[in-house]
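Topology and contacts: notes
What follows is each chain in one-letter form.
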Amino acid sequence: MMTEFALYLMDKMGHMSCYIMNLVLVALLSVSAAGSIFYLCARLSAGILRERHGASGLYVLMRASVLFFLLPAVLLAAGTAYVRARPEWGILETLGGEGTLDVISHERYSGFLMIWNPKLSTARLLAFAAWLCGFAAVFLFQAVRERASLKKIRAASAEWKDAPVLEACAALCRELGIRKSIRIYRCSLIACPFSAGILHPAVFFPAGMTCGEKLHFTLKHELVHCRRKDVACRLLMMLVRGIHWYNPFIGFLERDFFHCSEMACDEKVLEHADSKERYRYAKLLLEMMEEEKEERILKIKTGFTGRNEKEAEERMVHIMKGTGKAAGHAAAWMAACAALLCPAVTFAASQAVCSADSYIARKAEEEISVVEEMNIPVYAEHMEHRELTQEDILDFERLRLIGKGSTNISVSLSDSSAKNLLAVSLSKGECVRVSLCSGSRQDSFVAGIKDAEGVQTYIYSADGSVMHDFYIGKTSDYIVFVRKIKAADGRKIQINGNVNIYN
């Protein structure tokens, strides 16, 4: 029952939708594999980076890892998958260019190898549906929930317009080089400060926050987040988590990303601090953690205090060690390394995933009888003589092929007149294999060949597709043509496929 339902859906989706679905699946797996390798490389070098460039250098690499999962890894993986497994309509082209397998697939093809196997088709469709459901559950649900929480906080907040607060904010903005106007709010629904807003950044404080050193430290910390566009980066991290929810490494990347973000801000806040200031900052962090445990009402992931006690302990050690060295040229150095690593890792991962896809499809091929499963119809050839039109005579030269082999076809038929596809000089005994399919099984059309004397040999489509070998009986120039009979929508027929010419 599930297989029949899946096949019904694929029948309605059409050729390009099915191909795009499979391309998305392979690209997703390729990006996940490449991104995981990139993240593991970053994780293995975390200790060295932290010692040489501080948490800020490590945070640059974590941000690069997040962006790697989005761009350019996605484009590289999709391009690699397409080049490695581009579809040949009607002809199965094996990966690696090892030959072709005579399989027609019209509306019901299941993957890059276009092997018609109901179980494989159903499994891929269910996998795509599962990914969509997971994306909706992980990303959309979290985004809606956090937006609702932020909306509730904004509604319960009051702008903090005390002169000392505004002066402190203006002074810190000048120090950090922030030009945008940042509003300060106080809210009774939160237990720790956090920043929000991409276009219109704002900082939210608990209602009990007062002026003093505590405000200075926390405000500077949140302003550093605003300066580094961390809110936008966290949104991208959320998107990556939603897209790659099935990847077990994404959870570790998310944890390290948020943790490095907080430690990088700590470094910036304490950039010129002595040991006493570091002690007071660490003590403030501990106090606010305790307050958050006792008074937490709404949990926001961008909180000043972090995410768990283990991370807080690591932050304390980092704060007191005073390893906040300037990153220097770390960003440029890491960007160069990422630029070199990205194509190699993505290509390797894409090749591995495509090879796995090829293996699965080959196994599916072995389990079925292609002729029985595809139920390829037997086409009856019709022959008649028609006078060549002036357009036919011109097309013998205009559409002439330089060489033989496979030619991709994509043509739209809007009227009942014949549409010439290509012209070629053929010798007796050669063969023209026509493999074409339309967008609907209800479409009807004619495909055939005609020689220089106007003798036409043609066949009628079955279920919106044709696959037939026309054997040449005499040496002459020939034109391959199609002609519309009936369109399912009453207007036009879109025909795709290829024409193979061989001895």
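Description of the overall build of the protein
- A count of helices and strands for the protein gives 14 helices and 15 strands.
- A burial count over the protein gives 49% of its 503 residues as buried.
- Restricting the contact set of the protein to residue pairs at least 6 apart, pairs at least 24 apart contribute 77%.

Some remarks on the packing of helix 6 (residues 163–176) against helix 7 (residues 213–227)
- Here helix 6 crosses helix 7 at 45°, and the two axes come no closer than 10 Å. If you check the angle between helix 6 and helix 7, you find them oblique. The two elements helix 6 and helix 7 meet at a crossing, and its hand is right-handed. Taken together, the residues of helix 7 that come into contact with helix 6 (itself represented by V165, A168, C169, L172, C173, E175 and L176) are L215, H216, L219, K220, L223, V224 and R227.

Thoughts on the sheet that holds strand 10 (residues 431–438)
- Strands sit in the order 8-15-10-13 across an open sheet of 4 strands; the sheet is antiparallel. Edge positions in the sheet fall to strand 8 (405–413) and strand 13 (465–471), since each has one partner strand and no second. Taking the axes of each pair of neighbouring strands and ignoring which way they run, one obtains an average angle of 15° across the sheet.

Re a nonpolar patch on the surface
- Together, L40, F249 and F252 line one region of the surface with nonpolar side chains, adding up to about 250 Å² of accessible area.
- The topology assignment puts F252 in helix 9 (residues 248–269).
- On the basis of relative accessibility, which here comes to 42%, the residue F252 falls in the partly exposed class.

Thoughts on the confidence of the model for the protein
- Residues of the protein with pLDDT of at least 70 account for 71%, and the chain-wide mean is 76.
- Note on residues 84–116: pLDDT is under 50 here. Beyond four places in sequence and across chains, it has 116 contacts.
- Note on residues 368–376: pLDDT is under 50 here. Beyond four places in sequence and across chains, it has 14 contacts.

Regarding the sheet that holds strand 7 (residues 382–385)
- Taken together, the 5 strands give an open sheet; going across it, the order is 7-12-11-14-9, and neighbouring strands pair in antiparallel fashion. Because the sheet does not close on itself, it has two edges, and the strands there are strand 7 and strand 9 (418–426). Averaged over all neighbouring strand pairs, the angle between strand axes comes to 25°, with direction disregarded.
- In terms of strand pairing, strand 11 (residues 444–451) meets strand 14 (residues 476–486) through 8 bridges, oriented antiparallel. Counted as the bridge partner of F445 is K484 from strand 14.

Some thoughts on the packing of aromatic side chains
- What the rule picks out here adds up to 11 aromatic pairs.
- Judged by centre distance (5.1 Å) and plane angle (15°), the ring pair of F194 and F204 falls under stacked. Linking F194 in strand 5 (residues 194–196) with F204 in strand 6 (residues 202–206), this pair joins segments that are 10 residues apart in sequence. Pair check on accessibility: F194 and F204 agree, each one buried.
- Relative to Y246, the ring of W245 lies with its centre 5.8 Å away and its plane at 85°, an arrangement referred to as edge-to-face.
- Taking relative accessible area as the criterion, Y246 reaches 27% and is therefore assigned partly exposed.
- Of the aromatic side chains, those joined through ring pairs into one cluster are F128, W131, F135 and F139.
- When the ring centre of F481 is taken as reference, the NZ or CZ atom of K450 above it lies at 5.1 Å.
- Cation over ring: R483 sits above Y458, and NZ or CZ is 5.7 Å from the ring centre.

What to know about the side chain of R228
- Mapped onto the fold, R228 is located in the loop between helix 7 and helix 8 (230–243).
- Lacking a salt bridge, the buried R228 has D230 as its closest oppositely charged neighbour, with an N-O distance of 5.6 Å.
- Of note is the side chain of R228, whose polar atom sits 3.3 Å from the backbone oxygen of A264.
- The residues touching R228, leaving out its near neighbours within four places in the chain, are S56, Y59, R63, C233, A264, C265 and K268.

Details of the environment of H225
- Within the fold, H225 resides in helix 7.
- For the pair H225 and S261, spaced 36 residues apart in sequence, the C-alpha to C-alpha distance is 8.2 Å.

Side note on helix 9
- Under the 1.5 Å per step criterion, the end-to-end length of helix 9 is 33 Å for 22 residues, consistent within 8% with the ideal 32 Å.
- Counting buried positions over the 22 residues of helix 9 gives 16, a clear majority of the element.
- Its side-chain oxygen at 2.9 Å from the backbone nitrogen of F249, N247 defines the N-terminal cap of helix 9.

Remarks on the pairing of strand 15 (residues 493–502)
- Counting buried residues along strand 15, 8 of its 10 residues qualify, which places the element largely inside the surrounding structure.
- Direction of pairing for strand 8 relative to strand 15: antiparallel, over a ladder of 9 bridges. The partner of S410 across the bridge, within strand 15, is N496.
- Where strand 10 meets strand 15, 8 bridges bridge the pair, whose relative direction is antiparallel. Opposite V432, over in strand 15, you have I501 as the bridge partner.

Some points on the environment of C260
- As for its position among the elements, C260 is in helix 9.
- Take C260: its relative accessible area is 4%, and that puts it in the buried class.
- Taking the C-alpha atoms as reference, C260 lies 9.2 Å from G57; in sequence the two are 203 residues apart.
- For C260, the contacting residues outside a window of four places in its chain are A55, L58, Y59 and M62.

Quick look at the pattern of salt bridges
- Counted under the stated rule, the structure contains 19 salt bridges.
- One continuous salt-bridge network, built from bridges that share partners, spans R43, R255 and D256.

Here we look at unusual backbone geometry
- One non-glycine residue, K229, lies in the positive phi region at around 55°.
- Considering the arrangement of structural elements, one finds K229 in the loop between helix 7 and helix 8.
- The backbone phi angle of D463 is positive, close to 55°, even though this residue is not glycine.
- What makes D463 partly exposed here is its relative accessible area of 48%.

About the cut-offs
Residues numbered from 1 in each chain as written. Predicted model: local features only at pLDDT ≥ 70, side-chain atom pairs only at ≥ 80, totals over all residues. Heavy atoms only, no water. Helix = DSSP H or I, 4+ residues; strand = E, 2+ residues; numbered from the N terminus. Buried < 20%, exposed > 50% of the residue type's maximum accessible area, 1.4 Å probe, protein only. Contact = heavy atoms within 4.5 Å. Axes fitted to C-alpha atoms, helices over the stretch in contact; angles between N-to-C directions. Parallel < 35°, antiparallel > 145°, perpendicular 65-115°, else oblique. Left-handed = near helix turned anticlockwise from the far one by under 90°. Pairing = 2+ DSSP bridges. Patch = residues over 30% accessible without salt bridge, like charges linked within 9 Å, V, L, I, M, F, W, Y side chains within 5 Å. Areas by Shrake-Rupley, 256 points an atom, 1.4 Å probe, with all protein chains shown as cover. Salt bridge = Lys/Arg side-chain N within 4 Å of Asp/Glu carboxyl O. pLDDT = per-residue confidence, 0-100. Phe/Tyr/Trp six-rings, centres within 6.5 Å; stacked < 30°, edge-to-face > 60°. Lys NZ or Arg CZ within 6 Å of the ring centre and 35° of its normal. Lys, Arg positive; Asp, Glu negative; His and termini not counted. Polar contact = N/O pair within 3.5 Å; in protein donor to acceptor, adjacent residues only side chain to side chain. Expected span 1.5 Å × (residues − 1).

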